[in-house]
Amino acid sequence: VQLQASGGGLVQAGGSLRLSCAAGGLTFSRYAMGWFRQAPGKEREFVAAISRSDSSSKYADSVKGRFTISRDNAKNRMYLQMNSLRAEDTALYYCAAYPAITSSIRVTSAEYTYWGQGTLVTVSS
């Protein structure tokens, strides 16, 4: 299984970025997907997650209303549209997956089976 995150970069506060996660080696539509992030000196934290059928999603309070998670099961891809970025959004962003039987969504990193490498998002203030 491979998860490849991309789309990070340097952006000014108030700007936008769109992260992408390409999945391979798994039946993508059977997996719920999530984004987590880890800032320097901090623990990894939940950002957003989406059910396997795209029927439901969850967000961390810190990104609610600014970030939007989506997925395209036909393309085996997941996305994170990040708007109104803040300096505190600076972190390494990871995509992750776990096999889901229902439309439930998990927010704890330990419950995710597969992880991609991170993509760095830097927001300058």
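Just so it is clear, the model here is predicted, and its values are computed rather than measured.

J.: Can you lay out the sheet that holds strand 1 (residues 2–6) for me, pointing to particular residues and giving the numbers?
T.: The sheet built from 4 strands is open, its strands ordered 1-3-8-7 with antiparallel pairing. Because the sheet does not close on itself, it has two edges, and the strands there are strand 1 and strand 7 (67–72). Ignoring strand direction, the axes of neighbouring strands in this sheet form an average angle of 15 degrees. Sheet topology places strand 3 (residues 17–24) next to strand 8 (residues 77–82); 6 bridges connect them, and they run antiparallel.

J.: Before we move on, can you summarise the side chain of Arg37 with the specific residues and values?
T.: With respect to the secondary-structure elements, Arg37 resides in strand 4 (residues 31–38). Take Arg37: its relative accessible area is 5%, and that puts it in the buried class. Side chain to side chain, Arg37 and Tyr93 meet in a polar contact 2.9 Å long. Those residues in contact with Arg37 that sit more than four places away from it in its chain are Glu43, Arg44, Glu45, Val47, Ser62, Val63, Phe67, Glu88, Asp89, Ala91, Leu92 and Tyr93.

Thresholds applied
- Residues numbered from 1 in each chain as written.
- Predicted model: local features only at pLDDT ≥ 70, side-chain atom pairs only at ≥ 80, totals over all residues.
- Heavy atoms only, no water.
- Pairing = 2+ DSSP bridges.
- Helix = DSSP H or I, 4+ residues; strand = E, 2+ residues; numbered from the N terminus.
- Axes fitted to C-alpha atoms, helices over the stretch in contact; angles between N-to-C directions.
- Buried < 20%, exposed > 50% of the residue type's maximum accessible area, 1.4 Å probe, protein only.
- Polar contact = N/O pair within 3.5 Å; in protein donor to acceptor, adjacent residues only side chain to side chain.
- Contact = heavy atoms within 4.5 Å.

Remember that the coordinates give geometry; whether it matters functionally is a separate question.
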